[in-house]
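# Observations on the three-dimensional arrangement
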Amino acid sequence: ILLLFGVICAVIALAQPRAGYEELELSRENRDIVIVLDVSQSMLAQDVLPSRIERARWEIRSFLEQLKGERVALVLFAKRAYVRMPLSKEYDVLEMLLEQSHPNNISAQGSDLGAAIRLAAGLFSEEDGARSIVLVSDGEDHENGLEAVLPLLAEKEISVYSLGIGTTDGGVIPRIQGGYVLDEMGELVKSTRLDESLSYIANQTGGIFMVSQPGLDDWKVLYHQGIARQASKGTRVEEERIWNELFYWPLGLALLSFFSSYGVRSMLVFILLVRPVSAQ
């Protein structure tokens with residue numbers, strides 16, 4: 001009975017019962033960030049393990065851990081660019097969408113960095129604030145449109161922070177149907193990380209370019225030495241709810257019931273062992 005009561009209390013505690021909330025007004029610096037993720041076919045290359053796209057998604061999740069209340073959006077691109085999530089503070093939703101972002105889900109393949117940056121720049125609001133684009137890519141750009149987007153970035157005062165995924169030695173590109181991507185001559189297509197476009201757009205906009213390397217805190221550098229240091233021209237007043245949590249009461253009862261159940265069982269075992277001896 002004690003064990004059953006403890007389980008019921010534990011389930012109630014997991015439901016996180018609450019009794020009302022308090023609303024606090026918090027003043028935060030205006031900082032908006034648009035993450036631009038490359039989902040072109042070359043991101044399937046496995047010159048970094050387990051693959052470029054998996055490394056990129058891991059890097060973005062690490063980046064989200066550094067944030068301190070900034071609004072974030074997500075743009076995916078290959079031959080065309082797509083808004084996957086507008087500016088929001090719902091980081092858990094972004095992580096869920098990130099898990100669904102994969103080259104296998106994109107039909108039009110290619111790589112147009114300029115179109116992706118232009119689409120990302122259009123997501124920022126007209127409010128004063130620091131605006132940053134975080135570009136995660138292997139650097140392949142088939143359209144060469146970065147030069148044309150620079151005036152727009154300068155006008156909106158947007159900095160681009162780029163993270164290169166892959167190696168300069170490169171790797172072959174797996175196909176969904178099996179095997180690897182071949183060129184017109186039937187030779188294996190080898191994709192390498194191209195730093196020129198990534199470093200160029202970062203340098204031209206006052207951002208930072210880095211290469212993803214295992215064991216290094218790439219995003220700590222990009223965030224703390226770059227994005228967080230951007231001067232914000234205004235503040236945003238936000239209301240935050242502080243809930244009155246009650247889960248610790250059923251949790252305490254659950255722990256008490258579990259320990260009591262253990263104690264009662266131990267006592268019964270002791271009595272059963274002692275009684276035959278006493279009878280003799």
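The structure displayed is predicted, hence computed values, not measured ones.

What counts, and at which threshold
Residues numbered from 1 in each chain as written. Predicted model: local features only at pLDDT ≥ 70, side-chain atom pairs only at ≥ 80, totals over all residues. Heavy atoms only, no water. 1 Å grid on protein atoms, 1.4 Å probe; cavity = no way out; pocket = protein on both sides within 12 Å on 5 of 7 lines; lining within 4 Å. Points joined across faces, edges and corners; volume = space filled by probe spheres on them. Helix = DSSP H or I, 4+ residues; strand = E, 2+ residues; numbered from the N terminus. Salt bridge = Lys/Arg side-chain N within 4 Å of Asp/Glu carboxyl O. Axes fitted to C-alpha atoms, helices over the stretch in contact; angles between N-to-C directions. Parallel < 35°, antiparallel > 145°, perpendicular 65-115°, else oblique. Left-handed = near helix turned anticlockwise from the far one by under 90°. Contact = heavy atoms within 4.5 Å. Nonpolar A, V, L, I, M, F, W, Y, C, P; charged D, E, K, R; others polar. Buried < 20%, exposed > 50% of the residue type's maximum accessible area, 1.4 Å probe, protein only. Lys, Arg positive; Asp, Glu negative; His and termini not counted. Polar contact = N/O pair within 3.5 Å; in protein donor to acceptor, adjacent residues only side chain to side chain. Arc of directions from axis to C-beta. Pairing = 2+ DSSP bridges. Right-handed = clockwise from strand over helix to strand, strands pointing away. Core = buried A, V, L, I, M, F, W, Y, C linked by side-chain atoms within 4.5 Å.

### Structural notes on the layout of surface pockets
The volume enclosed by the largest pocket comes to roughly 200 Å³. If you go around the largest pocket, the residues you meet are G139, D141, N144, G145, L146, E147, L194, E196, S197 and Y200. For the lining of the largest pocket, the elements supplying multiple residues, two or more each, are α5 (146–155) and α6 (195–204). Tallying contributions element by element places α6 first for the lining of the largest pocket, with three residues.

### Quick look at the pattern of salt bridges
Inspection of every chain in the model, using the stated rule, returns seven salt bridges. With a closest N to O distance of 3.0 Å, R52 and D138 form a salt bridge. Note that R52 is positioned in helix α2 (residues 52–64) and D138 in the loop between β5 (130–137) and α5, a separation of 86 residues in sequence.

### With respect to the packing of α5 against α6
Put simply, α5 and α6 touch, their axes get as near as 11 Å, and they point 20° apart. Classified by the angle between their axes, α5 and α6 sit roughly parallel to one another. Note that α5 runs across α6; the crossing there is right-handed. Residue-level contacts link L146, E147, V149, L150 and L153 of α5 to S197, Y200, I201 and Q204 of α6. Among the residues making up the contact of α5 with α6, the classes are represented as six nonpolar, two polar and one charged.

### A look at the side chain of R131
For R131, the location among the structural elements is in strand β5. No salt bridge forms around the buried R131; measuring N to O, its nearest opposite-charge neighbour E157 is 5.1 Å away. Here the side chain of R131 touches S125 through a polar contact of 3.4 Å, landing on its backbone oxygen. Aside from chain neighbours lying at most four places away, what touches R131 is D32, F124, S125, E126, K156, E157, I158, S159 and Q230.

### Things to note about the packing of α2 against helix α3 (residues 91–99)
Packing of α2 against α3 brings their axes to within 11 Å, and their N-to-C directions diverge by 175°. With respect to α3, the element α2 is oriented roughly antiparallel. Note on element contacts: α3 touches α2 through Y91, L94, E95, L98 and E99, opposite R57, I60, R61 and L64. Looking at the contact of α2 with α3 residue by residue, the class counts come to five nonpolar, no polar and four charged.

### Things to note about α5
Residues L146, V149, L150 and L153 constitute the buried set of α5. Along the axis of α5, the buried residues cluster in a sector spanning 130°; they form a single face. Summarising the geometry of α5, the exposed residues directed more than 90 degrees from the buried face are A148, P151 and E155. The inward-facing, buried residues of α5 abut α4 (113–121), β5, β6 (158–164) and α6. One or two steps after α5, the chain reaches E157, where phi turns positive at roughly 55°.

### Topic: the pairing of strand β2 (residues 31–38)
With respect to burial, β2 is a largely interior element, eight of its eight residues being buried. Residues R31, I33, I35 and L37 line one face of β2 and the alternating positions D32, V34, V36 and D38 line the opposite face, and both faces are buried. Where β2 meets β5, seven bridges bridge the pair, whose relative direction is parallel. Within the sheet, the bridge partner assigned to V34 lies in β5 and is I133. As paired elements, β2 and strand β3 (residues 71–77) share seven bridges and run parallel to each other. Paired with V34 across the bridge in β3 is A73. Assessed by its sense of winding, the connection that carries the chain from β2 through α2 to β3 is right-handed.

### Focus: the side chain of E59
Note that E59 resides in helix α2. Despite being buried, E59 has no salt bridge partner; R55 is the closest side chain of opposite charge, sitting 5.0 Å away. Every residue in contact with E59, bar those within four places of it in the chain, is listed here: L163, I165, S212, Q213, D218 and W219.

### A word on the nonpolar core
Across soluble globular proteins, you tend to see nonpolar side chains buried next to one another. Judged by nonpolar contacts, the single largest core of 34 residues is most densely connected at I35, L37, F63, L67, L74, V134 and V136. Contributing elements (two or more residues each) for this core: β2, α2, β3, α3, β5, β6 and α7 (218–224). Among the elements that take part in this core, α2 stands out by supplying five residues, more than any other. Apart from the residues lying within four places of it in its own chain, the contact partners of L37 are I53, A56, I60, L74, V75, L76, F77, L98, S101 and V136. Membership of the second largest hydrophobic core comes to 22 residues, among which are A116, L150, V160 and L198.

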